[in-house]
Amino acid sequence: MNNVLIDSLKKISAENFLSEKIIICPSFNIGNQILENLAKSWWNWINFKTETINSLAVLIAETDIYKRNLKVISLMEVNFLMENVLPELSEESTLKYFKKNAVNKGNIKEIS
């Protein structure tokens, strides 16, 4: 593991011992490896947390959904909307997006 990274985390930890520290990594596995190496260097890793870009996006979306008193729909409901409702709205020219982009399985998959 890169000593510069571990040394930087040690410094951050020493300066902000009681504060939550979030490490943004490509995957949770990589974040855990970094924290494991921090622990192997005999350093405390209390209040460190690993996140990914996707997990942060989900957290932000969940918070916004909760604030707006909305409901998260299930995967089955998403599939129903994507496969049944969007093509119908496209045929009726109700949605502006679909005037430029045809509804097809590829677009449906990307949106969902």
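That block above? That's the structure.
Along each chain, the written sequence defines residue order, and numbers are assigned to residues from 1. For this predicted model, a pLDDT threshold of at least 70 governs which residues receive local features, and a threshold of 80 or more governs which side-chain atom pairs are given and counted, while totals over whole chains, interfaces and linings are taken from all residues. Based on all heavy atoms of the structure, the side-chain values leave hydrogens and waters out of the count.

Caption draft 1: Inspection of the overall build of the chain at higher detail. The numbering of helices and of strands both runs from the N terminus, where a helix is a DSSP run of H or I of at least 4 residues and a strand a run of E of at least 2. Along the chain, the regular secondary structure elements total six helices and two strands. The buried label applies to any residue whose accessible area, calculated with a 1.4 Å probe on protein chains only, is under 20% of its type's maximum; exposed applies above 50%, and partly exposed to all values in between. Per-residue burial for the chain yields a buried fraction of 20% across its 112 residues. Contacts are assigned to residue pairs with any non-hydrogen atoms lying within 4.5 Å of each other. Pairs at least 24 apart in sequence give 59% of the contacts found in the chain among residues at least 6 apart. Put simply, the chain shows about 8800 Å² of open surface, and 58% of that area lies on carbon and sulfur atoms. Note on areas: these come from Shrake-Rupley sampling with a 1.4 Å probe, and a residue is covered only by the protein chains present in the view.

Caption draft 2: Fine view of the pattern of salt bridges. Each salt bridge in this description consists of a side-chain nitrogen of Lys or Arg and a carboxyl oxygen of Asp or Glu lying within 4 Å of one another. A complete count under the given rule lists five salt bridges for this structure. The residue Lys49 makes a salt bridge to Glu20 at a minimum N-O spacing of 3.9 Å. Linking Lys49 in strand β2 (residues 48–51) with Glu20 in the loop between α1 (3–15) and β1 (21–24), this pair joins segments that are 29 residues apart in sequence. According to the relative accessible area criterion, Lys49 is partly exposed, its value standing at 32%. For Glu20, a relative accessible area of 53% translates into the label exposed.

Caption draft 3: The side chain of Ser13, seen in detail. Mapped onto the elements of the fold, Ser13 is located in helix α1. A residue is classified by how much of its surface remains accessible, and Ser13, at 3% relative accessible area, is buried. Pairs of N or O atoms within 3.5 Å make up the polar contacts considered here, provided that, within protein, one atom can donate a hydrogen while the other can accept it, and that residues adjacent in sequence are counted only when both atoms are side-chain atoms. Looking at Ser13, its side chain comes within polar contact range of the side chain of Trp43, at 3.3 Å.

Caption draft 4: Main features of helix α4 (residues 75–91). Across its 17 residues, α4 extends 24 Å between first and last C-alpha, which sits within 8% of the 24 Å expected from 1.5 Å per residue. Note on bend: at a given residue it equals the angle between the axes fitted to the 7 residues ending there and to the 7 starting there. The sharpest bend along α4 comes to roughly 35 degrees, located at Leu81. Just past α4, the residue Ser93 takes up positive phi, approximately 60 degrees. Multiply 1.5 Å by the residue count of a helix minus one, and that product is the helix's expected span.

Caption draft 5: Highlighting the pairing of β2. Of the pairings in the sheet, the one linking β1 to β2 comprises four bridges and is parallel in character. Along β2, the bridge assignment pairs Ile22 with Lys49. Consider the strands pointing away from the viewer: the crossover is right-handed when the path from the first strand over the helix to the second runs clockwise. Read from β1 through helix α2 (residues 28–40) to β2, the crossover connection turns out right-handed. The rule for pairing is simple: two strands pair if DSSP sees at least two bridges between them.

These results come straight from atomic positions and should not be treated as a statement about function.
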